[in-house]
Amino acid sequence: MSTRSDSGNHPGDPAPPQAGGDARPDVPRAAEPPRALSPSRAADFMTCPLMYRFRVIDRLPEKPRASAARGTLVHAVLERLFDDPAAERTPPRARALVAPAWERMLAARPELAELFAEGDGAAAGAGAEEAGSGGGGAEGAAARLAEWLAGAEQLVERWFTLEDPARLEPEERELFVETVLASGLKLRGVIDRVDVAPTGDVRVVDYKTGKAPPPEYAADALFQIKFYALVLWRLRGRVPRRLQLVYLGSGDVLTYDPDEADLRGVERKLHALWQAIQRATESGDWRPRPGRLCGWCDFQDSCPAFGGTPPPYPLGTADLGMPGPRPAGDGDGAQGRMDTA
């Protein structure tokens, strides 16, 4: 393995390989059954099976969102800061990386400029305050962009109150991981940061630009990073010592120390989830699950829960042939790879 500074998961750079449905929604692709499971798509299915179908199989377009764009931008800055010598990893240096990272992002996806056009702040899914206020015309758009970039700089600066990058030398940043479990289920994702201590203990770190959840929702918040821990365990043969969620929106750090029993439980859950996805894919029966996140969903016009009609199901029996997990064993024999591409 090697650490790569120009990660493909950042604006302006080639994207790493993605699980079905993780590709950019503005790039048309023929419908095909899901072939692998990633944390984001697993969370989609648990939130709403119909949303999973729209994203993974139909690949319906979604509007750019200021919150998602800000997350990508902040991740890019935190990853690139480690290219500098330790003594130069300072708040002013991090803030100075924000504007260039945004320019790379905009060059790769020019449609993101629409986030700051007049009246588009709320439509971006983050509220007008997040995309900026300002007035109309080009001056108003520039003011909204400046306000939004200043917000990203604040998040980057808050990171220094939670961790000291001058004392960190990550083994990996934006690490693409993929493994095929002994059952045949393929798991993949991109890990923000992997730290390895001299003892060999591994810490998996995930940055969040939002606020830490209430304690009753902590288990849901840990699902994604436990997914990564499972993949790393199957790839490296060693359970990560610590999982760490860094919430830049609220200035909180959530840690969890897993054991093999935890990760075996995650593995069983993912097998059950994949079997449910298989059944829905084969039957075409994707049910909406209305909830508190529906107000943020771009698919309401196609959702029966809101009076919409889904598009015709694009998969016929000839299109199927999903990899079917064999009965879950102890995970021995898993195969996989790790890239920083």
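Only a predicted model underlies this, so the values are computations on that prediction, with no experimental measurement involved.

K.L.:
I would appreciate a short explanation of the overall build of the protein chain in the present structure.
P.N.:
Assigned secondary structure in the protein chain consists of nine helices and six strands. Within the protein chain, the proportion of its 341 residues that are buried is 44%. Across the protein chain, every contact between residues at least 6 apart in sequence was considered, and the portion connecting residues at least 24 apart equals 72%. Surface accessibility of the protein chain: about 15,500 Å² in total, with carbon and sulfur atoms responsible for 51%.

K.L.:
What should I look at first to understand the packing of helix α1 (residues 39–47) against helix α9 (residues 260–283) in this one?
P.N.:
Helix packing geometry: the angle between the two helix axes and the distance between the axes. The contact between α1 and α9 brings their axes to 11 Å, and the two run at 65°. When the axis of α1 is compared with that of α9, the two are roughly perpendicular. The handedness of the crossing between α1 and α9 is left-handed. Residue-level contacts link Ala42, Phe45 and Met46 of α1 to Lys269, Leu273, Ala276 and Ile277 of α9.

K.L.:
Explain helix α7 (residues 137–159) to me, please; I cannot follow it from the model alone.
P.N.:
Quick reminder: α-helices carry 3.6 residues per turn. Residues three or four places apart thus point the same way. Between its first and last C-alpha atoms α7 spans 34 Å; for 23 residues at 1.5 Å apiece the expected length is 33 Å, and the two agree. Every buried residue belonging to α7 is among Gly140, Arg144, Trp148, Leu149, Ala152, Leu155, Val156 and Trp159, and all of these are buried.

K.L.:
Explain unusual backbone geometry to me, please; I cannot follow it from the model alone.
P.N.:
Located in the positive-phi region is Arg59, a residue other than glycine, with phi close to 55°. Here Arg59 lies in the loop between α2 (49–58) and α3 (66–81). With a relative accessible area of 13%, Arg59 lands in the buried category. Even without being a glycine, Glu174 presents a positive backbone phi close to 50°.

K.L.:
I'm lost on the pattern of salt bridges in this one. Help?
P.N.:
Close approach of charged atoms lets side chains of opposite charge pair. Across all of its chains, the model carries 25 salt bridges by this definition. The shortest N-O distance in the salt bridge between Arg238 and Asp201 comes to 2.9 Å. In this pair, Arg238 is assigned in the loop between α8 (218–236) and β4 (242–247) and Asp201 in the loop between β2 (186–196) and β3 (202–208), connecting sequence segments 37 residues apart. Exposure remark for Arg238: the relative accessible area of 41% places this residue in the partly exposed category. In this structure Asp201 comes out as partly exposed when scored by relative accessible area, which is 28%. Through salt bridges that share partners, Arg41, Asp44, Arg55 and Glu62 make up one connected network.

K.L.:
Would you mind going over the packing of α3 against α7 with me for this structure?
P.N.:
Between α3 and α7, the shortest axis-to-axis distance is 10 Å and the interhelical angle comes to 45°. By the angle class used here, α3 and α7 are oblique. For the crossing formed where α3 meets α7, the hand is right-handed. On α7, the residues touching Ala66, Ala69, Arg70, Leu73, Val74, Val77, Leu78 and Leu81 of α3 are Trp148, Leu149, Ala152, Leu155, Val156 and Trp159. Its residues assigned to classes, the contact of α3 with α7 comprises 13 nonpolar, no polar and one charged.

K.L.:
Would you mind showing me how to read the confidence of the model for the protein chain here?
P.N.:
Low pLDDT means the predicted coordinates in that region are not meant to be read closely. Mean pLDDT for the protein chain: 85, with 79% of residues reaching 70 or above. Across residues 1–26, where pLDDT falls below 50, the model places 80 contacts with residues more than four positions away in sequence or in other chains. Across residues 120–132, where pLDDT falls below 50, the model places 33 contacts with residues more than four positions away in sequence or in other chains.

K.L.:
Please explain the packing of aromatic side chains as it appears in this structure.
P.N.:
In the structure shown here, the tally under the stated rule is eleven aromatic pairs. Both rings, one in Phe54 and one in Phe299, keep their centres 5.3 Å apart while their planes meet at 65°; by these two values the pair is edge-to-face. Of this pair, Phe54 sits in helix α2 while Phe299 is found in the loop between α9 and β6 (335–339), placing the two residues 245 residues apart along the sequence. Taken individually, Phe54 and Phe299 each receive the classification buried, so the pair is uniform in this respect. Note on Phe82 and Trp159: the rings are 5.9 Å apart at their centroids and 75° apart in plane angle, and the pair reads as edge-to-face. Taken together, the residues Phe82 in the loop between α3 and α4 (91–108) and Trp159 in helix α7 connect sequence positions 77 residues apart. Just as Phe82 is buried, Trp159 falls in that class too. Three or more aromatic residues joined by ring pairs make a cluster, and in this case those are Phe82, Trp159, Phe160 and Tyr207. Over the ring of Tyr256 we find Lys226, and its NZ or CZ is 4.5 Å from the ring centre. Directly above the aromatic system of Tyr217 lies the positively charged group of Arg292, at a separation of 5.4 Å from the ring centroid.

K.L.:
Is there a simple way to think about the pairing of β4 in this case?
P.N.:
Regular strands have side chains that alternate between both faces of the sheet. β4 sits mainly inside the fold: five of its six residues count as buried. With five bridges joining them, β4 and strand β5 (residues 252–256) adopt antiparallel strand pairing. Across the sheet, residue Leu245 finds its bridge partner in β5, namely Leu254. The turn joining β4 and β5, which pair antiparallel and follow one another in sequence, is formed by four residues; a positive phi near 75° is taken by Gly251.

K.L.:
How should I be thinking about the state of the cysteines in this particular structure?
P.N.:
Here, disulfide denotes a covalent bond that connects the sulfur atoms of two cysteines. Evaluated as defined, the whole model comprises zero disulfides. Lacking any disulfide linkage, Cys303 is separated from the closest cysteine sulfur, that of Cys48, by 6.0 Å. Cys303 sits in the buried class, given a relative accessible area of 10%.

Conventions we followed
- Residues numbered from 1 in each chain as written.
- Predicted model: local features only at pLDDT ≥ 70, side-chain atom pairs only at ≥ 80, totals over all residues.
- Heavy atoms only, no water.
- Helix = DSSP H or I, 4+ residues; strand = E, 2+ residues; numbered from the N terminus.
- Buried < 20%, exposed > 50% of the residue type's maximum accessible area, 1.4 Å probe, protein only.
- Contact = heavy atoms within 4.5 Å.
- Areas by Shrake-Rupley, 256 points an atom, 1.4 Å probe, with all protein chains shown as cover.
- Axes fitted to C-alpha atoms, helices over the stretch in contact; angles between N-to-C directions.
- Parallel < 35°, antiparallel > 145°, perpendicular 65-115°, else oblique.
- Left-handed = near helix turned anticlockwise from the far one by under 90°.
- Expected span 1.5 Å × (residues − 1).
- Salt bridge = Lys/Arg side-chain N within 4 Å of Asp/Glu carboxyl O.
- Nonpolar A, V, L, I, M, F, W, Y, C, P; charged D, E, K, R; others polar.
- pLDDT = per-residue confidence, 0-100.
- Phe/Tyr/Trp six-rings, centres within 6.5 Å; stacked < 30°, edge-to-face > 60°.
- Lys NZ or Arg CZ within 6 Å of the ring centre and 35° of its normal.
- Pairing = 2+ DSSP bridges.
- Disulfide = S-S within 2.5 Å.

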